[in-house]
Amino acid sequence: MSTVTTLRHRHLLGIAELDPAEIELVLESAVAMKEVGTRPIKKVPTLRGRTIMNLFFESSTRTRMSFELAEKRLSADTLGMTTSGSSLSKGETLADTARTLEAMAPDMIVIRHHASGAAHHLARTCRASIINAGDGTHEHPTQALLDALTIRERKGRLAGLRVAIVGDLAHSRVLRSNALLLTKMGAEVIACGPATLVPPGLPRLGVRVTHAVDEAVEGADVVMMLRVQRERMEGLYLPSVREYFTLFGLTTRRLERAAPDAIVMHPGPMNRGVEIESAVADGPWSVILDQVANGVAVRMAVLYLLAEFRGEG
Amino acid sequence: MAIVMDADRMARSLARMAHEILERNRGLDDLALVGIRARGVPLAERIAAQLRALTGSEVPTGALDITLYRDDLMQHQVGPQPVIRRTEITFSIDGRLILLVDDVLYTGRTVRAALDALIDFGRPSAIQLLALVDRGHRELPIRADYVGKNLPTSRQQTVHVRLVEIDGRDEVEVEG
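Residues numbered from 1 in each chain as written. Chains lettered and ligands numbered in written order. Predicted model: local features only at pLDDT ≥ 70, side-chain atom pairs only at ≥ 80, totals over all residues. Heavy atoms only, no water.

## Brief notes about the overall build of chain B
Counting its secondary structure elements, chain B contains four helices and eight strands. Secondary structure of chain B in N-to-C order comes out as β-α-β-α-β-β-α-β-β-β-α-β. Taken over the C-alpha trace, chain B has a radius of gyration of 16 Å; the compact-globule value for 176 residues is 16 Å, and the two agree within 12%. Along the first, second and third principal axes, the C-alpha atoms of chain B reach 45 × 35 × 30 Å. Scored against the burial criterion, the 176 residues of chain B give a buried share of 51%. In chain B, of all internal contacts separated by at least 6 residues, the share reaching a separation of at least 24 is 71%. Charge separation in chain B, taken as the distance between the mean sites of 23 positive and 26 negative side-chain charges, equals 2 Å. (Helix = DSSP H or I, 4+ residues; strand = E, 2+ residues; numbered from the N terminus. Rg over C-alpha atoms; globule rule 2.2 N^0.38 Å. Buried < 20%, exposed > 50% of the residue type's maximum accessible area, 1.4 Å probe, protein only. Contact = heavy atoms within 4.5 Å. Lys, Arg positive; Asp, Glu negative; His and termini not counted. Charge placed at Lys NZ, Arg CZ, Asp CG, Glu CD.)

See below:
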């Protein structure tokens, strides 16, 4: 059971700012929130009268819809903005957009932005609580939290598990947030990717790095595949899709090296035949759809805990 | 600091209320118990056990967390914030007589929230309320159908209900 009952910060900018007790609190609250989604009326009045703005400066389907659903289930009033058709496409800076929106006095702002640190920037200038829905290659905290919830549901714990994370490590905020969360909670993290896509500094996060996918998967309780963006294929990073799949793709054969009851995760959207074989994505070990369902519960928990925030800072 | 109810008296109160429930409802066919978390849940289970002993029939029992229905989100209050817990009502409440069970009836705001929460689950034929302790000071037009003990208190006092299942012993204490 969690030892704290509130979060210390007014914003959720990253996993870096959370301590293990706070992570436990979010996960525990999410378990309760999940039940709301099973009711005949999937809505509770908790955030009635609160205004939440969803600012998505980068394309997103599941994260945006997941946040919207979470907000609606808590009865908040929501406003959405995507880059196309907004003043951003007319050349307004993020700071000016933020000031303008702030004048409409939202209680919370959910932001996804291609620049790392965008959410931190808003947190410094806005009175609203800021939730980072992905900033550049930095962090995607709610993704890591929903992954943790999914792992805990299947494995009953996080501590002591061996988690392999495979794919484009350099451009992945999912990796960063997951590595931070999992190591804080006592799991062992092994990251694997092509040499051109391994950022420096992973060992400092407590992550072991390998370039051999078989080594990463060996004995793993959880295999987390990261999306490889097609645009990186044509660039300098990778010679071809086929080579990537041959060297790093997760197949049923490779999965045989993992622990007998291993689970396979993917933050989506998946590239079948690039980072993951269809038979793996659709197999009994796949918890990919659980991740989506848990996303709503985790976001409800985060919105609720931030709305409840009464401390300083 | 005074113990106003010990384990013996608590057991007798619960037994008496079980009899009152039977007498008033002439049978248990449509009855279901819903305990308000945290301490209403073990109390509801104990009442269900009493009813089983008296009639041989099993009364469905659920648990309700009212945190998401509170009206004091972001308002300062005494004591730590409750962590939200799962609501577990595995039966349909439609057309049923629902008996809400809580440990202390005070301002009535918890019961108000519980009524709102319950009605989101369906349409019971009626809702009744059982409280182990009624300490007065209602802020809403709410009363209990079954009361274990009426306890005159001042607003400055605190009432602690302790149950074996959660606290390791059965007692009610008034502090201050």
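Moving on from the model shown.
## As for the packing of aromatic side chains
Here the structure, examined in full by the defined rule, presents one aromatic pair over all chains. It is arginine 299 of chain A that lies over the ring of phenylalanine 67 of chain A; its NZ or CZ is 4.9 Å from the centre. The ring of tyrosine 106 of chain B has arginine 135 of chain B sitting right over it, with the charged end atom 3.9 Å from the ring centre. (Phe/Tyr/Trp six-rings, centres within 6.5 Å; stacked < 30°, edge-to-face > 60°. Lys NZ or Arg CZ within 6 Å of the ring centre and 35° of its normal.)

## Regarding helix α1 (residues 7–25) of chain B
Residues and elements named next belong to chain B. For α1, which comprises 19 residues, the first-to-last C-alpha distance of 27 Å matches the rise-based estimate of 27 Å (1.5 Å per residue) to within 8%. Turning to α1, its buried residues number three or more, namely Met10, Ser13, Leu14, Met17, Ala18, Ile21, Leu22 and Asn25. Once α1 ends, the next one or two residues include arginine 26, with phi positive near 45°. (Expected span 1.5 Å × (residues − 1).)

## Brief notes about the sheet that holds strand β1 (residues 51–56) of chain A
Residues and elements named next belong to chain A. One open sheet accounts for four strands, arranged β2-β1-β3-β4; its pairing is parallel. Across the chains shown, the open sheet's two edge strands, defined by having one partner strand only, are β2 (77–82) and β4 (129–135). Shown here is a sheet whose adjacent strand axes are inclined to one another by a mean of 15°, direction ignored. Of the pairings in the sheet, the one linking β1 to strand β3 (residues 108–113) comprises five bridges and is parallel in character. (Pairing = 2+ DSSP bridges. Axes fitted to C-alpha atoms, helices over the stretch in contact; angles between N-to-C directions.)

## Let's talk about the nonpolar core
For soluble globular proteins, nonpolar side chains are generally found buried alongside one another. Formed by 91 residues in total, the largest nonpolar core has its most connected members in Leu145 and Leu181 of chain A together with Leu64 of chain B. Among the elements that make up this core, the one with the highest residue count is helix α12 (residues 288–307) of chain A (11 residues). Setting aside its immediate chain neighbours within four residues, leucine 64 of chain B contacts Val34, Gly35, Ile36, Arg37, Thr87, Ile89, Leu100, Ala114, Ala117, Leu118 and Phe121 of chain B. (Core = buried A, V, L, I, M, F, W, Y, C linked by side-chain atoms within 4.5 Å.)

## Examining the sheet that holds strand β7 (residues 158–162) of chain B
Residues and elements named next belong to chain B. Pairing in this open sheet of three strands is antiparallel, and the strands run β1-β8-β7 from one edge to the other. What marks the edges here is a single partner per strand, and that holds for β1 (2–5) and β7. Direction aside, the axes of adjacent strands within the sheet are offset by 30° on average.

## A closer look at the pattern of salt bridges
On inspection of all chains with the given rule, the structure shows 35 salt bridges over all chains. Across the salt bridge formed by glutamate 28 of chain A and arginine 85 of chain B, the nearest N and O atoms sit 2.5 Å from each other. Linking glutamate 28 of chain A in helix α1 (residues 20–36) with arginine 85 of chain B in the loop between β3 (61–64) and β4 (97–105), this pair reaches from one chain into another. Owing to a relative accessible area of 12%, glutamate 28 of chain A belongs among the buried residues under this scheme. In this structure arginine 85 of chain B comes out as partly exposed when scored by relative accessible area, which is 28%. Taken together, the salt bridges that share partners define one network made up of Asp214, Glu218, Arg254 and Arg257 of chain A. (Salt bridge = Lys/Arg side-chain N within 4 Å of Asp/Glu carboxyl O.)

## Examining unusual backbone geometry
Cis peptide bonds are those with omega within 30 degrees of zero, and the linkage from glycine 268 of chain A to proline 269 of chain A qualifies with -10°. Here arginine 37 of chain B and alanine 38 of chain B are connected by a cis peptide whose omega angle stands at 5°. Secondary-structure assignment places alanine 38 of chain B in the loop between β2 (31–36) and α2 (40–55). Here alanine 105 of chain A, not a glycine, exhibits a phi torsion of approximately 55°, which is positive. Mapping alanine 105 of chain A onto the fold places it in the loop between α3 (94–102) and β3. Phi at histidine 137 of chain B takes a positive value of approximately 65°, unusual for a residue other than glycine.

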